[in-house]
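Structural overview
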Amino acid sequence: MPLTRDSHSVLSPNEKPVTIPAVASDSPMFTDTPVIHTVKQHEADSYARLLQLNMCYEAMPTSSKIVVFDANLKMEKAFNGLIFQNTRHVLISKNDNGQVIGILSVTDFIRVLLKKWREHLNDSMEVDCADIADMTISQYRELAEADGKILNLITIQGNQSILEAARLLAQYRIHRLPVMDPVNGSPLFILTHKRILKFLWCFGSQFSLPEYHVKTPKALGVGTWDNLRLVYEDTPLHECLTILSTENISGVPVLQRGTDKVMGMYSRFDAIAIAAENDPHYLERPVVEALNFKNFSKDADFTNLVVSIGLHDTFWQAVEVLVERSVHRLCVLNDAGQVEGLISLADVINYMVVKPGAHLESPKPHHLSRMAKVEDLSNEALRRILAGNNDIDPPNGHH
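This text gives an overview of the structure that appears in the document. If you're wondering where the values come from, they're calculated on a predicted model, not measured in any experiment. (Residues numbered from 1 in each chain as written. Predicted model: local features only at pLDDT ≥ 70, side-chain atom pairs only at ≥ 80, totals over all residues. Heavy atoms only, no water.)

**Things to note about the packing of helix 5 (residues 162-171) against helix 6 (residues 193-203)**
Filter applied, for reference: Between N-to-C directions, angles span 0 to 180 degrees; the directions come from axes that are lines fitted to C-alpha atoms, helices contributing only their stretch in contact. The helix and strand labels rest on DSSP assignments: H or I over at least four residues marks a helix, E over at least two residues marks a strand, and numbering proceeds from the N terminus. Throughout, a crossing is termed right-handed when the near helix is turned clockwise from the far one, and left-handed when it is turned anticlockwise from it by less than a right angle. Contacts between residues were defined by any pair of non-hydrogen atoms, one from each residue, lying within 4.5 Å.
Put simply, helix 5 and helix 6 touch, their axes get as near as 11 Å, and they point 145° apart. For the element pair helix 5 and helix 6, the recorded crossing hand is left-handed. Contacts between helix 5 and helix 6 involve Ile162, Ala166 and Leu169 on the former and, on the latter, His193, Ile196 and Phe199.

Below is the structure:
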């Protein structure tokens with residue numbers, strides 16, 4: 001089935017919308033104005049071109065929050081704040097100039113849990129195993145950097161293309177990309193694979209369907225089909241968390257011992273629930289207990305809790321499930337309910353956008369101070385702006 005979107009515009013089946021920024025003289029924010037280009041058949045790079053012609057501003061949610069912690073905040077308070085805000089990540093800034101220097105995420109939370117658990121087992125207080133809860137975020141980052149666990153912060157400006165954002169996510173194998181104000185450098189929002197797919201879902205609906213939409217993800221090579229990281233219901237929780245923290249994956253399927261049927265998906269974010277436990281041996285418990293806590297019922301029907309598609313379902317069905325269920329990954333199950341493959345949002349974006357759009361040039365960032373109001377520009381001038389020509393002078397010589 002075709003992509004669907006929420007819009008009041010009425011477009012013919014062979015037309016595709018491209019968003020043009022309506023530029024206010026005193027604000028970098030944009031409103032959506034569709035420009036119609038006729039497309040008789042789906043081109044391989046159609047979705048990449050759509051993202052190429054739209055800035056990160058266009059993917060900014062109408063309502064969202066962004067949490068920033070000072071680097072001198074104690075780790076214990078930082079993680080309590082992470083739990084209180086019910087978020088997977090917060091930005092870290094220096095208190096002297098407010099510059100964003102990094103991201104504190106659930107992955108860091110898991111690393112701390114594992115480090116303190118190993119410390120409890122060894123009953124040692126080595127220098128590098130000092131009480132992390134009493135460290136500042138800055139001190140923790142120095143410790144993690146020494147272990148090679150801290151990467152350079154990757155960001156993008158709001159007036160750069162969404163295609164460039166998708167490329168950065170793929171290149172650095174990251175799951176979130178801070179979008180910064182090009183004028184003052186302050187953070188605007190966090191762009192993710194989920195947000196990019198939602199943008200395609202909303203604004204790519206009028207494209208003719210690609211030829212691959214009826215093929216299965218396995219036939220297209222989309223997803224992971226070999227060497228899957230799986231755990232069983234009786235796997236200790238610390239082994240599950242170790243996989244999540246070292247394998248650069250965001251979730252791992254939990255299987256039933258004996259049948260290999262999938263019982264659920266344990267993700268990084270689920271580790272937040274461990275914060276309520278004061279038992280140092282909690283990480284030695286089986287992962288199924290964490291699933292039961294997550295689902296509030298030990299007698300839950302796990303088949304209804306696993307977001308999945310069948311082995312013979314199409315790629316387009318997989319995209320539909322990812323969008324409508326608002327999940328980061330899904331399982332591909334055979335007729336016996338066993339996991340054959342895993343498909344993530346990154347797999348889908350890379351296949352639909354990054355690979356087919358590799359030959360496209362990224363437009364130069366728009367310099368808003370030199371752009372006139374949309375109503376003062378001709379259609380040709382607007383098209384030139386979308387093509388990446390930022391040297392257009394407004395009418396009447398005004399800058």
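**With respect to helix 6**
What counts is decided by this rule: Three labels apply to residues, based on accessible area from a 1.4 Å probe with only protein chains included: buried if under 20% of the type maximum, exposed if over 50%, partly exposed otherwise in between.
Along helix 6, eight of the eleven residues are buried, which leaves the element largely enclosed by surrounding structure. Those residues of helix 6 lying buried are His193, Ile196, Leu197, Phe199, Leu200, Trp201, Cys202 and Phe203.

**Observations regarding the sheet that holds strand 4 (residues 89-93)**
Let me state the cut-off plainly: A pair of strands is treated as paired once DSSP finds two or more bridges between them.
Strands sit in the order 3-4-5 across an open sheet of three strands; the sheet is mixed. Each of the sheet's edge strands pairs with one partner strand only, and the pair in question is strand 3 (68-70) and strand 5 (100-105). Recorded for the sheet is a direction-independent mean angle of 35° between the axes of neighbouring strands. Of the pairings in the sheet, the one linking strand 3 to strand 4 comprises three bridges and is parallel in character. Each bridged residue has a counterpart across the sheet, and for Phe69 the counterpart in strand 4 is Ile92. The strands touched by helix 2 (residues 75-84) within the sheet are strand 3, strand 4 and strand 5, with strand 5 carrying the most contacts at an inclination of about 70°. Packing of helix 4 (residues 137-146) onto the sheet brings it into contact with strand 3, strand 4 and strand 5, and relative to strand 5 it is tilted by some 80°.

**Brief notes about the layout of surface pockets**
Note the following rule: The rule is simple: put a 1 Å grid over the protein atoms alone, call a set of points where a 1.4 Å probe fits but cannot get out a cavity, call an open set with protein on both sides within 12 Å along at least five of seven lines a pocket, and count a residue as lining if it has an atom within 4 Å of a point. Grid points are joined across faces, edges and corners, and a volume is the space filled by probe spheres set on the points. Just so you know the grouping, Ala, Val, Leu, Ile, Met, Phe, Trp, Tyr, Cys and Pro go in nonpolar, Asp, Glu, Lys and Arg go in charged, and all remaining residues, Gly too, go in polar.
Estimated volume of the second largest pocket: approximately 680 Å³. In this structure, the second largest pocket is lined by 24 residues; those nearest its centre are Ser105, Arg111, Lys149, Leu151 and Ile174. Sorting the residues of the lining of the second largest pocket by element identifies strand 5, helix 3 (106-122) and helix 8 (237-246) as the ones contributing at least two each. The element contributing the most residues to the lining of the second largest pocket is strand 5, with four residues. Of the residues belonging to the lining of the second largest pocket, the class tally is eight nonpolar, nine polar and seven charged.

**Regarding the pairing of strand 13 (residues 329-333)**
Counted residue by residue, strand 13 has five buried out of five residues, so it is predominantly covered. Neither face of strand 13 is exposed, since Arg329, Cys331 and Leu333 on one face and Leu330 and Val332 on the opposite face are all buried. For strand 12 (residues 308-310) and strand 13, the ladder comprises three bridges, and the chain directions are parallel. Bridging across to strand 13, Ile309 finds its partner in Val332. Looking at chain direction, strand 13 and strand 14 (residues 339-344) are connected through five bridges and run antiparallel. Within strand 14, the position partnered with Leu333 by the bridge is Val339.

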